[in-house]
Amino acid sequence: MDVRTILPKRRVGLADVGRLTARLPAPVSDRVWGTVLQWRMKQGGWTLVPQDDLRRVYREAVRQLGGEVQAYAEFGIYAGDSLGIMADVLAEAGSSAPMFGFDSFRGLPDSVTDDEGGWQPGAFYCPEWVTRWNLSTNHGVGPDRITLIPGWFDESLTPGLAGELGIERISIAQLDADAYSSTVPVLDWLTPLLADRAVLIFDDWFAGGNTEEIGIGVQRAFEEWLERRPEFTAEAFATYGFGPGAGRKEVVGKAFIVSRTPA
Ligand SMILES: C[S@@+](CC[C@H](N)C(=O)[O-])C[C@H]1O[C@@H](n2cnc3c(N)ncnc32)[C@H](O)[C@@H]1O
(Lines give C-alpha, C1' and ligand atoms only; values in the text may rest on other atoms or scores of the structure.)
Protein backbone atom coordinates (compact mmCIF):
# COMPACT_ATOMS: atom_id res chain seq x y z
CA MET A 1 0.00 0.00 0.00
CA ASP A 2 1.21 3.51 -0.80
CA VAL A 3 1.58 5.05 2.68
CA ARG A 4 0.61 8.46 1.27
CA THR A 5 -2.96 7.25 0.85
CA ILE A 6 -3.39 6.85 4.62
CA LEU A 7 -1.52 9.98 5.66
CA PRO A 8 -3.29 13.34 5.88
CA LYS A 9 -2.73 15.80 2.99
CA ARG A 10 -1.25 18.48 5.26
CA ARG A 11 2.19 18.32 6.93
CA VAL A 12 2.42 15.24 9.15
CA GLY A 13 3.14 16.01 12.80
CA LEU A 14 3.87 13.91 15.86
CA ALA A 15 0.16 13.91 16.73
CA ASP A 16 -0.62 12.27 13.38
CA VAL A 17 2.00 9.58 13.89
CA GLY A 18 0.57 8.98 17.36
CA ARG A 19 -2.90 8.64 15.91
CA LEU A 20 -1.69 6.15 13.30
CA THR A 21 0.43 4.06 15.67
CA ALA A 22 -2.53 3.85 18.08
CA ARG A 23 -4.04 1.49 15.49
CA LEU A 24 -1.21 -1.05 15.96
CA PRO A 25 -1.37 -3.80 18.62
CA ALA A 26 -0.71 -2.15 22.00
CA PRO A 27 2.53 -3.99 22.90
CA VAL A 28 4.10 -2.91 19.59
CA SER A 29 2.88 0.67 19.46
CA ASP A 30 3.46 1.31 23.16
CA ARG A 31 7.12 0.44 22.74
CA VAL A 32 7.72 2.12 19.35
CA TRP A 33 5.61 5.22 19.78
CA GLY A 34 6.51 5.54 23.47
CA THR A 35 10.21 5.62 22.59
CA VAL A 36 9.62 8.32 19.95
CA LEU A 37 7.58 10.40 22.36
CA GLN A 38 10.12 10.00 25.14
CA TRP A 39 12.91 11.06 22.74
CA ARG A 40 10.88 14.12 21.68
CA MET A 41 10.31 15.11 25.31
CA LYS A 42 14.02 14.80 26.04
CA GLN A 43 14.68 17.13 23.09
CA GLY A 44 12.85 19.99 24.74
CA GLY A 45 9.44 19.04 25.91
CA TRP A 46 6.18 18.05 24.32
CA THR A 47 3.72 19.70 26.62
CA LEU A 48 0.13 20.49 25.68
CA VAL A 49 -0.64 22.83 28.55
CA PRO A 50 0.00 26.52 29.24
CA GLN A 51 2.00 25.59 32.33
CA ASP A 52 2.33 28.94 34.13
CA ASP A 53 -1.25 29.97 33.57
CA LEU A 54 -2.56 26.56 34.59
CA ARG A 55 -0.51 26.75 37.78
CA ARG A 56 -2.14 30.11 38.54
CA VAL A 57 -5.64 28.64 38.12
CA TYR A 58 -4.79 25.52 40.17
CA ARG A 59 -3.54 27.74 43.00
CA GLU A 60 -6.74 29.78 42.79
CA ALA A 61 -8.80 26.55 42.88
CA VAL A 62 -7.13 25.46 46.12
CA ARG A 63 -7.64 28.95 47.54
CA GLN A 64 -11.33 28.92 46.58
CA LEU A 65 -11.71 25.77 48.69
CA GLY A 66 -9.89 27.31 51.64
CA GLY A 67 -7.10 24.76 51.20
CA GLU A 68 -9.50 21.88 51.98
CA VAL A 69 -8.96 19.38 49.17
CA GLN A 70 -10.34 15.89 49.76
CA ALA A 71 -9.16 14.37 46.46
CA TYR A 72 -8.06 15.49 42.99
CA ALA A 73 -9.11 13.61 39.86
CA GLU A 74 -8.02 14.24 36.29
CA PHE A 75 -9.75 12.73 33.29
CA GLY A 76 -7.51 12.82 30.21
CA ILE A 77 -3.92 12.99 31.37
CA TYR A 78 -1.81 12.33 28.26
CA ALA A 79 1.85 12.58 29.39
CA GLY A 80 0.90 13.85 32.85
CA ASP A 81 2.04 17.48 32.68
CA SER A 82 -1.16 19.00 34.11
CA LEU A 83 -1.20 16.23 36.75
CA GLY A 84 2.40 17.05 37.67
CA ILE A 85 1.57 20.76 38.01
CA MET A 86 -1.33 19.98 40.36
CA ALA A 87 0.91 17.68 42.44
CA ASP A 88 3.28 20.62 42.85
CA VAL A 89 0.49 23.09 43.74
CA LEU A 90 -0.95 20.71 46.35
CA ALA A 91 2.49 20.15 47.88
CA GLU A 92 3.04 23.90 48.01
CA ALA A 93 -0.32 24.25 49.84
CA GLY A 94 0.72 21.55 52.31
CA SER A 95 -2.00 19.20 51.04
CA SER A 96 -1.52 15.45 50.75
CA ALA A 97 -4.95 14.95 49.11
CA PRO A 98 -5.00 11.73 47.11
CA MET A 99 -4.60 12.18 43.34
CA PHE A 100 -6.10 10.06 40.57
CA GLY A 101 -5.46 10.12 36.82
CA PHE A 102 -7.81 8.42 34.36
CA ASP A 103 -6.92 7.78 30.72
CA SER A 104 -7.27 5.23 27.94
CA PHE A 105 -3.53 5.55 27.28
CA ARG A 106 -4.65 4.94 23.66
CA GLY A 107 -5.61 8.53 22.77
CA LEU A 108 -9.08 9.70 21.82
CA PRO A 109 -11.74 7.01 21.17
CA ASP A 110 -13.38 6.29 17.80
CA SER A 111 -16.58 7.97 19.04
CA VAL A 112 -14.94 11.42 18.76
CA THR A 113 -15.71 11.45 15.03
CA ASP A 114 -19.35 12.17 16.07
CA ASP A 115 -18.21 15.19 18.09
CA GLU A 116 -18.56 18.76 16.86
CA GLY A 117 -14.94 19.62 17.72
CA GLY A 118 -13.18 18.00 14.73
CA TRP A 119 -11.27 15.52 16.96
CA GLN A 120 -9.34 12.53 15.55
CA PRO A 121 -9.48 9.00 17.01
CA GLY A 122 -6.12 8.07 18.54
CA ALA A 123 -4.97 11.71 18.87
CA PHE A 124 -3.00 12.38 22.09
CA TYR A 125 -1.99 8.76 22.37
CA CYS A 126 0.62 8.40 25.08
CA PRO A 127 1.55 5.00 26.53
CA GLU A 128 1.20 4.70 30.30
CA TRP A 129 4.91 4.03 30.77
CA VAL A 130 5.80 7.36 29.12
CA THR A 131 3.33 9.19 31.38
CA ARG A 132 4.92 7.55 34.44
CA TRP A 133 8.41 8.38 33.13
CA ASN A 134 7.47 12.02 32.47
CA LEU A 135 5.83 12.40 35.88
CA SER A 136 8.85 11.11 37.70
CA THR A 137 11.59 12.64 35.50
CA ASN A 138 10.14 16.05 34.75
CA HIS A 139 7.82 16.61 37.71
CA GLY A 140 9.48 14.64 40.51
CA VAL A 141 6.22 12.75 41.13
CA GLY A 142 6.60 9.06 41.94
CA PRO A 143 4.05 6.25 41.58
CA ASP A 144 3.13 6.42 45.28
CA ARG A 145 1.73 9.93 44.94
CA ILE A 146 -0.73 9.38 42.06
CA THR A 147 -2.97 6.44 41.18
CA LEU A 148 -3.37 5.95 37.43
CA ILE A 149 -6.49 4.17 36.16
CA PRO A 150 -6.21 2.98 32.55
CA GLY A 151 -9.27 2.39 30.36
CA TRP A 152 -12.00 3.97 28.24
CA PHE A 153 -14.21 6.06 30.51
CA ASP A 154 -17.47 4.38 29.47
CA GLU A 155 -15.94 1.07 30.64
CA SER A 156 -13.58 2.01 33.48
CA LEU A 157 -15.81 4.47 35.39
CA THR A 158 -18.01 1.84 37.02
CA PRO A 159 -20.30 2.53 40.00
CA GLY A 160 -18.03 0.43 42.23
CA LEU A 161 -14.75 2.07 41.20
CA ALA A 162 -14.78 4.90 43.74
CA GLY A 163 -15.16 2.39 46.57
CA GLU A 164 -12.30 0.26 45.18
CA LEU A 165 -10.08 3.35 45.06
CA GLY A 166 -11.15 4.55 48.51
CA ILE A 167 -12.60 7.79 47.11
CA GLU A 168 -15.30 9.39 49.26
CA ARG A 169 -15.38 12.92 47.89
CA ILE A 170 -13.60 14.69 45.03
CA SER A 171 -12.90 18.39 45.56
CA ILE A 172 -11.15 19.28 42.30
CA ALA A 173 -11.57 17.60 38.93
CA GLN A 174 -9.82 18.50 35.69
CA LEU A 175 -11.85 17.34 32.68
CA ASP A 176 -9.41 17.27 29.79
CA ALA A 177 -10.71 14.55 27.48
CA ASP A 178 -11.56 17.07 24.76
CA ALA A 179 -14.80 15.65 23.36
CA TYR A 180 -18.46 15.82 24.35
CA SER A 181 -18.76 12.01 24.25
CA SER A 182 -15.77 11.60 26.58
CA THR A 183 -16.98 14.27 29.04
CA VAL A 184 -20.55 12.98 29.55
CA PRO A 185 -19.57 9.70 31.32
CA VAL A 186 -17.06 11.58 33.49
CA LEU A 187 -19.67 14.08 34.74
CA ASP A 188 -22.14 11.28 35.43
CA TRP A 189 -19.54 9.30 37.37
CA LEU A 190 -18.49 12.37 39.35
CA THR A 191 -22.03 13.36 40.37
CA PRO A 192 -22.35 11.39 43.64
CA LEU A 193 -18.70 11.98 44.50
CA LEU A 194 -18.44 15.76 44.25
CA ALA A 195 -17.78 17.58 47.49
CA ASP A 196 -20.55 20.02 48.46
CA ARG A 197 -18.28 22.79 47.20
CA ALA A 198 -16.02 21.55 44.42
CA VAL A 199 -14.00 22.88 41.51
CA LEU A 200 -14.51 21.61 37.97
CA ILE A 201 -11.98 22.66 35.35
CA PHE A 202 -12.73 22.17 31.66
CA ASP A 203 -9.56 22.33 29.59
CA ASP A 204 -11.28 22.39 26.20
CA TRP A 205 -13.98 24.92 26.96
CA PHE A 206 -12.94 27.03 23.96
CA ALA A 207 -11.57 24.24 21.72
CA GLY A 208 -12.31 23.87 18.04
CA GLY A 209 -13.44 27.46 17.50
CA ASN A 210 -16.02 27.08 20.26
CA THR A 211 -17.34 30.19 22.00
CA GLU A 212 -19.91 30.73 24.76
CA GLU A 213 -22.39 31.55 21.97
CA ILE A 214 -21.78 28.35 20.04
CA GLY A 215 -21.68 26.09 23.13
CA ILE A 216 -20.48 22.79 21.64
CA GLY A 217 -18.31 19.91 22.96
CA VAL A 218 -17.49 20.07 26.67
CA GLN A 219 -19.61 23.21 27.10
CA ARG A 220 -22.64 21.32 25.86
CA ALA A 221 -21.83 18.33 28.12
CA PHE A 222 -21.62 20.59 31.20
CA GLU A 223 -24.76 22.59 30.35
CA GLU A 224 -26.78 19.42 29.84
CA TRP A 225 -25.43 18.00 33.11
CA LEU A 226 -26.48 21.15 35.01
CA GLU A 227 -29.98 20.82 33.52
CA ARG A 228 -30.19 17.16 34.55
CA ARG A 229 -28.81 17.96 38.02
CA PRO A 230 -30.69 20.99 39.40
CA GLU A 231 -29.18 20.31 42.84
CA PHE A 232 -25.92 21.82 41.54
CA THR A 233 -25.14 25.44 40.71
CA ALA A 234 -21.99 26.62 38.95
CA GLU A 235 -20.07 29.86 39.04
CA ALA A 236 -17.05 30.51 36.83
CA PHE A 237 -14.00 31.94 38.59
CA ALA A 238 -11.12 31.72 36.09
CA THR A 239 -10.03 31.10 32.53
CA TYR A 240 -6.56 30.16 31.33
CA GLY A 241 -4.65 29.86 28.11
CA PHE A 242 -1.48 30.32 26.15
CA GLY A 243 -0.10 33.83 26.49
CA PRO A 244 1.94 35.74 23.88
CA GLY A 245 5.13 34.33 25.45
CA ALA A 246 4.14 30.93 24.07
CA GLY A 247 4.00 32.37 20.56
CA ARG A 248 0.20 32.43 20.61
CA LYS A 249 -2.55 34.12 22.54
CA GLU A 250 -5.44 31.81 23.12
CA VAL A 251 -7.83 31.11 25.98
CA VAL A 252 -8.51 27.39 26.25
CA GLY A 253 -9.85 26.42 29.67
CA LYS A 254 -12.40 27.59 32.20
CA ALA A 255 -12.82 26.78 35.90
CA PHE A 256 -16.03 26.70 37.96
CA ILE A 257 -17.02 26.42 41.58
CA VAL A 258 -19.82 23.87 41.69
CA SER A 259 -22.04 23.89 44.79
CA ARG A 260 -24.51 21.24 45.86
CA THR A 261 -27.71 22.63 47.31
CA PRO A 262 -28.47 21.00 50.67
CA ALA A 263 -31.50 18.66 50.36
C1 LIG B 1 -5.57 16.61 25.51
S2 LIG B 1 -5.08 15.11 26.22
C3 LIG B 1 -4.87 15.47 27.95
C4 LIG B 1 -3.77 16.46 28.23
C5 LIG B 1 -3.28 16.53 29.65
N6 LIG B 1 -4.34 16.81 30.62
C7 LIG B 1 -2.24 17.63 29.75
O8 LIG B 1 -2.64 18.76 30.01
O9 LIG B 1 -1.07 17.37 29.51
C10 LIG B 1 -6.59 14.20 26.19
C11 LIG B 1 -6.49 12.83 26.81
O12 LIG B 1 -7.80 12.32 27.01
C13 LIG B 1 -7.78 10.91 26.83
N14 LIG B 1 -9.17 10.50 26.52
C15 LIG B 1 -10.05 11.16 25.73
N16 LIG B 1 -11.23 10.53 25.68
C17 LIG B 1 -11.12 9.44 26.49
C18 LIG B 1 -12.03 8.40 26.86
N19 LIG B 1 -13.27 8.36 26.39
N20 LIG B 1 -11.59 7.44 27.71
C21 LIG B 1 -10.31 7.49 28.19
N22 LIG B 1 -9.40 8.45 27.87
C23 LIG B 1 -9.80 9.42 27.03
C24 LIG B 1 -6.77 10.69 25.72
O25 LIG B 1 -6.18 9.41 25.77
C26 LIG B 1 -5.74 11.80 25.99
O27 LIG B 1 -4.64 11.34 26.74
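Quick look at the structure, then. (Residues numbered from 1 in each chain as written. Predicted model: local features only at pLDDT ≥ 70, side-chain atom pairs only at ≥ 80, totals over all residues.)

Brief notes about the environment of Phe102
Here is step 1: Looking at where Phe102 falls in the secondary structure, it is placed in strand β2 (residues 99–103).
Here is step 2: Overall, Phe102 belongs to the buried group, with 24 C-beta atoms counted inside 10 Å.
Here is step 3: Sequence separation of Phe102 and Tyr78 is 24 residues, and the distance between their C-alpha atoms is 9.4 Å.
Here is step 4: Among residues more than four places away in sequence, those in contact with Phe102 are Ala73, Glu74, Phe75, Ile149, Phe153 and Ser156. (Helix = DSSP H or I, 4+ residues; strand = E, 2+ residues; numbered from the N terminus. Buried ≥ 20, exposed ≤ 12 C-beta atoms within 10 Å, placed from the backbone. Contact = placed C-beta atoms within 7 Å.)

Looking at the site of the ligand
Here is step 1: Of all residues adjacent to the ligand, which total 21 residues, the nearest are Gly76, Tyr78, Ser82, Ser104 and Ser182.
Here is step 2: Its residues assigned to classes, the shell around the ligand shows 12 nonpolar, 5 polar and 4 charged. (Near = placed C-beta within 6 Å. Nonpolar A, V, L, I, M, F, W, Y, C, P; charged D, E, K, R; others polar.)

What about the nonpolar core?
The nonpolar side chains of a soluble globular protein tend to be buried, and buried together.
Here is step 1: Judged by nonpolar contacts, the single largest core of 67 residues is most densely connected at Met86, Leu175 and Leu200.
Here is step 2: Ignoring any residue separated from it by four or fewer positions in sequence, one finds Met86 in contact with Tyr58, Tyr72 and Met99. (Core = buried A, V, L, I, M, F, W, Y, C linked by C-beta atoms within 7 Å.)

Let's talk about the environment of Leu65
Here is step 1: Among the secondary structure elements, Leu65 is positioned in the loop between α3 (51–64) and β1 (72–75).
Here is step 2: Separated by 15 residues in sequence, Leu65 and Pro50 have C-alpha atoms that sit 23 Å apart.
Here is step 3: With sequence-adjacent residues up to four places away left out, Leu65 is seen in contact with Ser171, Arg197 and Val199.

Topic: helix α5 (residues 128–139)
Here is step 1: Taking 1.5 Å per residue, 12 residues should reach 16 Å; α5 reaches 16 Å between its end C-alpha atoms and fits that length.
Here is step 2: Residues of α5 that are buried include every one of Val130, Thr131, Asn134 and Leu135, and no others. Around the axis of α5, the buried residues are gathered within 135° of arc, so they sit on the same side.
Here is step 3: In this structure, the buried residues of α5 make contact with α2 (26–44), α4 (81–92) and β3 (146–150).
Here is step 4: Downstream of α5 by one or two residues, Gly140 has phi in the positive range, about 65°. (Expected span 1.5 Å × (residues − 1). Arc of directions from axis to C-beta.)

A few points about the pairing of β3
Here is step 1: Bridge analysis of β2 against β3 gives 5 bridges, and the strand direction is parallel. Residue pairing for β3: Asp103 is matched across the bridge by Pro150.
Here is step 2: On the question of chirality, the crossover connecting β2 to the parallel β3 by way of α5 is right-handed. (Pairing = 2+ DSSP bridges. Right-handed = clockwise from strand over helix to strand, strands pointing away.)

Topic: the packing of α3 against α4
Here is step 1: The contact between α3 and α4 brings their axes to 10 Å, and the two run at 45°. By the angle between their directions, the pair α3 and α4 is classed as oblique. Judged by the sense of rotation from one axis to the other, the crossing of α3 with α4 is right-handed. Note on element contacts: α4 touches α3 through Asp81, Ser82, Ile85, Met86 and Val89, opposite Gln51, Leu54, Arg55, Tyr58, Arg59 and Val62.
Here is step 2: Of the residues that constitute the contact of α3 with α4, the class distribution is 6 nonpolar, 2 polar and 3 charged. (Axes fitted to C-alpha atoms, helices over the stretch in contact; angles between N-to-C directions. Parallel < 35°, antiparallel > 145°, perpendicular 65-115°, else oblique. Left-handed = near helix turned anticlockwise from the far one by under 90°.)

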